[in-house]
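Examining the three-dimensional arrangement
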Amino acid sequence: MALTILQAKDAEEWAYRGEGAVNLILAYCGSSPHFVGKVLRIHKFPNNGTKCENGCSFPTKHEGLLWGKFEGIVSAPTKEIAEQLYVQKAICPLLGSEHVDAGIRILVSREFLEAVEYKVLPQRPSWRVDAAKVNPLCDSALLIADHSMFPHVSGSLKEDFCVSIEIKPKCGFLPTSEFIAEENAVKKIITRFRMHQALKLNQGKISQISKYDPLDLFSGSKDRIQKAIKALFLTPQNNFRVFLNGSLSFGGMGGAADSTSVSDQSFINGLKSVILAKDGMHAEYFRELVAETVFNSRLLDRLLEVQKLDTIDIEGAIHAYYDIVSKPCLVCRNKGSNKLSTRYSTIHSMPMDEKLRVVRDYLISATAKDLSMMISFMPKRNNDLESPHKVVFLESSQQAFYYKASFIDLDMKPLEKMEYYYKLDQKIVCCYKESLDHGDSSKESSNFCVLL
C-alpha cells in the first residue's frame, strides 16, 4: 500500500463498529480497494488519566525484562507498535498465523482522529464515553481484516450472504493450583465466568445470570457445545454477537452487558438468506451450524492450551510479580503466617528467570482468556470454483458452508495490571460466596457446600 495519511475528510468513510477498554473499532464503508473489507483499531486513553504521546512510555524497566525474549517488542518506538509485535511474535506461534491477523499500521492525522471522535460519539455507549476518548496524539492506527465479512470466493454468486458470529469464550478450565487459599477453594469447582456473573449482577451490569458455561464450549463434546451455544443465544450479554454481511444483527453493541441491538425478527429475516429451513427453524439450524463448526474445527483445543499457560493461578503468580518489580509482597504481608507461607516461599525463592516466565505466561494466558473468536460462514454453491476455505456440512438443511475462523482482541496485558487481577479475583470469589450465603445459589453451588 502506498503511503497514506488519513485526513479529516476520510472520517466520513469509517463507521462505528464497537470498542473495548483500550481501542475503538471502525469499519470501512467507502470504496477504496485499500480499505474495503478492513477495520481500523484506534487507541483510546482514559478520561481520568494523563495524555501521553504515541501510546505512552513503553517499556518500563521491568517490562523490558519480561518481553525481552521476543524480538523487537522492547525496542519498538511506540507502545502501539510493541503491541502489534506482541501479536506477531508471542501470540501467532501459539494460536496459529492462519487464525491471527497482526495487521498493518497506517498513519493518521490529528484532524482525522478528532473528526472520528465527533462522528461516532452518538453511537458510543454512554459509559464508554465517560471512561475514555480517542487519543488525538497517536500518529497511527492498526488496519486489520474485517472478520465479520467473508472474503470473496472466486466464482461465487455476488448475492451470497455472509453470516458471522463473535464469541468471547472466556476461561475454559478450572484451576488446580496448590497456591489457591483454602477459603477460595470454590475456584476449583466453579468457573471464573459463572462466579463473575454474581459480581456483575450485584453491580447492576447485567439483569440476569447467564446459563453459559465455558466448560461446555471447551469440552470437545458436540452435545455440550450445542448447550453452550444455546445458552449464549439466550443471554448474549457481551459474549455473543451475530453479523449479517458485516452489520450487527444480534447481540450487544458493547454498552450494557446484556443489551441487544436488533429485534429477533430482523435477525431471523437475515438468516433466511443463508439457512434453508421451514419457518421457525432458522435459528435452531444456525445454532447447529455454529456448534458443528466449533466441534469440527478443534480451534478451542489450541486456545485452551494457551490459557493453561497459567499454571499456578493469580494467587501464585502475584508473588513472582512483586519480586520482579522489587516491591515487598503485599499478599504475604496481609496473610501473615499460615500454612501456605511455605508454599509461597517456594515462589519467592525461584530464580529470576523462572519468576519472569511465570508472570509472562500468566499475562499471555490473560490475553487468551479475554480474546474473541470470530467464525464467518457463506453458503457453498455447486458452481463455486476451488476455494482455500474449509467446508462444514449442516445435516439439518443439507447445506455445505465455507467457513473461516479468527481470533481477535489480542491485547497485550500491562505488567502493572497484576495487582488489579489479584484484587478482582478476590472480589469475584468474595461476592460469589456472599451470594451463596444469601441463598442465591445455583445447582452447582451445592457441590461447593458438599466439598466444604
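Report on the accompanying structure. Only a predicted model underlies this, so the values are computations on that prediction, with no experimental measurement involved.

**A look at the side chain of glutamine 237**
The topology assignment puts glutamine 237 in the loop between helix 7 (222-234) and strand 9 (240-244). A relative accessible area of 2% means that glutamine 237 is categorised as buried. A distance of 2.9 Å separates a polar atom in the side chain of glutamine 237 from a polar atom in the side chain of glutamine 197. Of the polar contacts made by the side chain of glutamine 237, one reaches the backbone oxygen of glutamine 208; its length is 3.3 Å.

**Here we look at the pattern of salt bridges**
Inspection of the entire model under this criterion finds 26 salt bridges. In this structure, the salt-bridge partner of glutamate 315 is lysine 187, at a minimum N-O distance of 2.8 Å. In this pair, glutamate 315 sits in helix 11 (residues 313-324) while lysine 187 sits in the loop between strand 8 (163-167) and helix 5 (192-203), placing the two residues 128 residues apart along the sequence. This pair shows no difference in class: glutamate 315 is buried, exactly as lysine 187 is. Across the pair aspartate 279 and lysine 272 runs a salt bridge, and its minimum N-O distance is 3.9 Å. A relative accessible area of 66% places aspartate 279 in the exposed class. Judged by its relative accessible area of 39%, lysine 272 falls in the partly exposed class. Connected via shared salt-bridge partners are Lys187, Arg192, Asp313, Glu315 and Asp425.

**Examining the pairing of strand 10 (residues 247-251)**
In terms of residue burial, strand 10 counts as a mostly covered element, since four of its five residues are buried. Here strand 9 runs beside strand 10; their pairing, made up of four bridges, is antiparallel. Its bridge partner lying in strand 10, valine 242 is registered against phenylalanine 250. The hairpin turn running from strand 9 into strand 10, its antiparallel successor, is two residues long, and asparagine 245 in that turn takes a positive phi close to 50 degrees.

**Re the packing of aromatic side chains**
Under the definition given, this model contains 17 aromatic pairs. With a centroid separation of 6.2 Å and 40 degrees between ring planes, the pair formed by tryptophan 67 and phenylalanine 70 is classed as tilted. The same class applies to tryptophan 67 and to phenylalanine 70, which are both buried. With 4.8 Å between their ring centres and 50 degrees between their planes, phenylalanine 233 and phenylalanine 240 make a pair best called tilted. Of the two residues examined, phenylalanine 233 and phenylalanine 240, each falls in the buried class. Grouping aromatic residues by their ring pairs yields a cluster made of Phe233, Phe240, Phe250, Phe267, Phe286 and Phe377. Looking at arginine 287, its charged tip hangs above the ring of phenylalanine 233, at a distance of 5.4 Å from the centre. The ring of phenylalanine 295 has arginine 298 sitting right over it, with the charged end atom 5.5 Å from the ring centre.

Definitions and cut-offs
Residues numbered from 1 in each chain as written. Predicted model: local features only at pLDDT ≥ 70, side-chain atom pairs only at ≥ 80, totals over all residues. Heavy atoms only, no water. Helix = DSSP H or I, 4+ residues; strand = E, 2+ residues; numbered from the N terminus. Buried < 20%, exposed > 50% of the residue type's maximum accessible area, 1.4 Å probe, protein only. Polar contact = N/O pair within 3.5 Å; in protein donor to acceptor, adjacent residues only side chain to side chain. Salt bridge = Lys/Arg side-chain N within 4 Å of Asp/Glu carboxyl O. Pairing = 2+ DSSP bridges. Phe/Tyr/Trp six-rings, centres within 6.5 Å; stacked < 30°, edge-to-face > 60°. Lys NZ or Arg CZ within 6 Å of the ring centre and 35° of its normal.

These figures capture arrangement, not role.
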